Amino acid sequence: RSCANACATFVDVREWADAGLWGDAAPSERDPGARNHPFPLLQEIVNDVLVPEGLSELLSSCLDKDDPGRLSAERFPSLKVLRNEIASLRRQCLDRANALMLTPSFVEMLAAPPGATNNAPPKAAFGEMNGRFVVPVAPTFKNKMGGIVHDVSRTGRTAYVEPPDLVGPTNDMRRAEAELRQEEQRILRAITQQI
C-alpha cells in the first residue's frame, strides 16, 4: 500500500503543480510574471521531473476509485478474478456454517452465552479468528466436535473451535487470499520498476 500511496501522491503533486494552483490554464498559457508560485523550489523540482509516456496514466489508473488504498481490479483483471474467487469461497464457508447451526447435534455442543441459565438454549454465531471461522463450544465437547481449537476463553468455559466441515473450505479461501497478496506484490513491483 505504501508504494500505491506514493504513486498517488506523485500524481497529485504533478497535477497540483501543473494545474491546481494556476487554475485550468495550460502551462504554455500561464504567465509566470502574473503571480509568484507559493512554493517556487517545489515547482522547480517538479518541473525537472520527466515522466515517461504512459506512466502518468498508469499511476492515475492503478488505484481503485472507490477504495484508494487498493489496486484497481479494472486496471488489473487478475485481481478481479482472485477477489471474486475469495468472495465466492467466503460465501461457501458461511453457507456451511449456517447449515451447521441448524443441526441439533451441533447446537447441543455450543457454549452457553455468559450469564445464561442452564435451561437457556445456546445462542452462538460463527466468528472469525485469524481468518478462520470458529464457534464457541463447551469445553466438554471440544474433542467430540473435532476440528481445530484456536483459542480458549480466560475463564476456560468456552473453546473456540473451527468445525471439521469448515477446515477444507477455509483452507481454500486462505490459499486464494495468499495468491491475491502475491499478485498484488507482483503488480506493485512492476509499477515500481516503471517509476
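Structure's up top.
A brief report on the enclosed structure follows. (Residues numbered from 1 in each chain as written. Predicted model: local features only at pLDDT ≥ 70, side-chain atom pairs only at ≥ 80, totals over all residues. Heavy atoms only, no water.)

1. What about the overall build of the chain?
Thought 1: A count of helical and extended segments in the chain gives 7 helices and 4 strands.
Thought 2: Moving toward the C terminus, one meets the helices and strands of the chain in the order α-α-α-α-α-β-β-α-β-β-α.
Thought 3: Across the 195 residues that make up the chain, the buried fraction comes to 32%.
Thought 4: A sequence separation of at least 24 residues applies to 54% of the contacts in the chain between residues at least 6 apart.
Thought 5: Of the roughly 12,500 Å² of accessible surface on the chain, 53% is carried by carbon and sulfur atoms. (Helix = DSSP H or I, 4+ residues; strand = E, 2+ residues; numbered from the N terminus. Buried < 20%, exposed > 50% of the residue type's maximum accessible area, 1.4 Å probe, protein only. Contact = heavy atoms within 4.5 Å. Areas by Shrake-Rupley, 256 points an atom, 1.4 Å probe, with all protein chains shown as cover.)

2. Quick word on the packing of helix α4 (residues 77-101) against helix α7 (residues 164-194)
Thought 1: Where α4 meets α7, the closest approach of the two axes is 9 Å, and the angle between their N-to-C directions is 160 degrees. By the angle between their axes, α4 is roughly antiparallel relative to α7. Seen along the crossing, α4 lies across α7 with a hand that is left-handed.
Thought 2: When the residues that make up the contact of α4 with α7 are grouped by side-chain class, the tally is 13 nonpolar, 2 polar and 11 charged. (Axes fitted to C-alpha atoms, helices over the stretch in contact; angles between N-to-C directions. Parallel < 35°, antiparallel > 145°, perpendicular 65-115°, else oblique. Left-handed = near helix turned anticlockwise from the far one by under 90°. Nonpolar A, V, L, I, M, F, W, Y, C, P; charged D, E, K, R; others polar.)

3. A word on the pattern of salt bridges
Thought 1: This structure, assessed with the given rule, holds 10 salt bridges.
Thought 2: Across the pair Arg-132 and Glu-162 runs a salt bridge, and its minimum N-O distance is 3.0 Å. Taken together, the residues span a long stretch of sequence, with Arg-132 in strand β2 (residues 132-137) and Glu-162 in strand β4 (residues 159-162) at a distance of 30 residues. Side by side, Arg-132 and Glu-162 carry an identical accessibility label, which is buried.
Thought 3: Between Glu-183 and Arg-186 there is a salt bridge; the shortest N-O distance is 2.7 Å. You can see Glu-183 and its partner Arg-186 sitting in helix α7, 3 residues apart, about one turn around the helix.
Thought 4: Here Arg-186 falls in the partly exposed class, since its relative accessible area comes to 42%. (Salt bridge = Lys/Arg side-chain N within 4 Å of Asp/Glu carboxyl O.)

4. A word on the nonpolar core
A general feature of soluble globular proteins is that nonpolar side chains tend to end up buried together.
Thought 1: One finds Leu-71, Phe-76, Phe-106, Phe-126, Val-135, Met-145 and Ile-191 to be the most contacted residues of the largest nonpolar core, which totals 32 residues.
Thought 2: The set of elements that each furnish at least two residues to this core consists of α3 (55-61), α4, β2, β4 and α7.
Thought 3: Ranked by residue count, the leading element in this core is α4, at 8 residues. (Core = buried A, V, L, I, M, F, W, Y, C linked by side-chain atoms within 4.5 Å.)

5. Things to note about α7
Thought 1: In a regular helix each residue adds 1.5 Å, so 31 residues correspond to 45 Å; α7 covers 46 Å between its end C-alpha atoms and thus fits that length.
Thought 2: Within α7, burial applies to Leu-166, Val-167, Pro-169, Thr-170, Met-173, Ala-176, Glu-177, Leu-180, Glu-183, Ile-187, Leu-188 and Ile-191. (Expected span 1.5 Å × (residues − 1).)

6. Let's talk about the environment of Gly-156
Thought 1: Positionally, Gly-156 belongs in the loop between β3 (148-152) and β4.
Thought 2: The class for Gly-156 is partly exposed, based on a relative accessible area of 34%.
Thought 3: Counting along the chain gives 17 residues from Gly-156 to Pro-139, while the straight-line C-alpha distance between them is 7.5 Å.

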